[in-house]
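Survey of secondary and tertiary structure
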Amino acid sequence: MTTADGRAAQVLPIAGTPPGPPQPPGILAACDGSDGALWALDRAMSEAERYELPLYLLGVVDPAPGGYPPGMAELVQESIERLSGSMADGLRRALRTVEQARSRPFEGPVSLHVVLGRVVEVLLAASVGQHTLVVGARGNGGFTRLLLGSVSTAAVHHAACPVLVVPAPPARR
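Residues numbered from 1 in each chain as written. Predicted model: local features only at pLDDT ≥ 70, side-chain atom pairs only at ≥ 80, totals over all residues. Heavy atoms only, no water.

The next thing to look at is the overall build of the chain. Helix and strand counts for the chain stand at 5 helices and 6 strands. Along the chain, from the amino end to the carboxyl end, the secondary structure elements read β-β-α-β-α-β-α-β-α-α-β. Expressed as a percentage of its 173 residues, the buried residues of the chain come to 36%. Carbon and sulfur atoms make up 56% of the accessible area of the chain, which amounts to about 10100 Å² in all. (Helix = DSSP H or I, 4+ residues; strand = E, 2+ residues; numbered from the N terminus. Buried < 20%, exposed > 50% of the residue type's maximum accessible area, 1.4 Å probe, protein only. Areas by Shrake-Rupley, 256 points an atom, 1.4 Å probe, with all protein chains shown as cover.)

Right, here's the structure in full:
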């Protein structure tokens, strides 16, 4: 794989733990592969550059969104590993996609993290000690948001650091 300027692209390793001490505070970007997450990642890169901070890209895999009956956890381990691998590939693809769309490449330090757990719980825990948490807005509003909840709403109300919610660009609203 090569970059737009012909240099060999490095393959970033994936950490299985959320960013935090002993790593320095940085810009934490949540990524689920949606368009909103890509817009948020672009803004997170700009924030990391502005404040000269590391960028931490976090993807969360919920291994049991509905829970497991007793004794089933062992049977789904292969699926969990596949989901984690898919999320890791998705983070790398998101990073590459956003970098290609920018007028200049992001040159700051970046690390990728895929963590198992409930999305909101992992995101809130990872926000401790960070400079800023950046999340995308999905655009669900009104009654739908009331019924389903929202990662960005939970982040705004409960994160341990400032939160930047990035809406869709005006042409996409």
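Take unusual backbone geometry next. Residue glutamate 52 is not a glycine yet carries a positive backbone phi of 50 degrees. Residue position: glutamate 52 is located in the loop between helix H1 (35-51) and strand E3 (55-61). Glutamate 52 gets classed as exposed once you look at its relative accessible area, which sits at 73%.

What follows deals with helix H2 (residues 77-101). Its 25 residues place the ends of H2 36 Å apart at the C-alpha level, agreeing with the 36 Å of an ideal helix rising 1.5 Å per residue. Within H2, the full set of buried residues consists of Ile80, Ser84, Met87, Ala88, Gly90, Leu91, Ala94, Leu95 and Val98. Contact partners of the buried residues in H2: strand E1 (14-15), H1, E3 and strand E4 (110-116). (Expected span 1.5 Å × (residues − 1). Contact = heavy atoms within 4.5 Å.)

Bringing the sheet that holds E1 into the picture now. The strand order across the open sheet formed by 6 strands is E1-E4-E3-E2-E5-E6, and the pairing between neighbours is parallel. The sheet is open, and its two edges are formed by E1 and strand E6 (163-166), each paired on a single side. With 4 bridges connecting them, strand E2 (residues 27-30) and E3 associate as parallel partners. When the bridges of E3 are listed, alanine 29 appears paired with leucine 57. Across the sheet, H1 is in contact with E2, E3, strand E5 (132-136) and E6; its angle to E2 comes to roughly 170 degrees. Against the sheet, H2 contacts E1, E3 and E4, and its axis sits at roughly 155 degrees relative to E4. (Pairing = 2+ DSSP bridges. Axes fitted to C-alpha atoms, helices over the stretch in contact; angles between N-to-C directions.)

Turning our attention to the pairing of E5. Along E5, 4 of the 5 residues are buried, which leaves the element largely enclosed by surrounding structure. Across 3 bridges, E2 lies against E5 in parallel orientation. Opposite leucine 28, over in E5, you have leucine 133 as the bridge partner. With 4 bridges joining them, E5 and E6 adopt parallel strand pairing. Its bridge partner lying in E6, leucine 133 is registered against valine 163.

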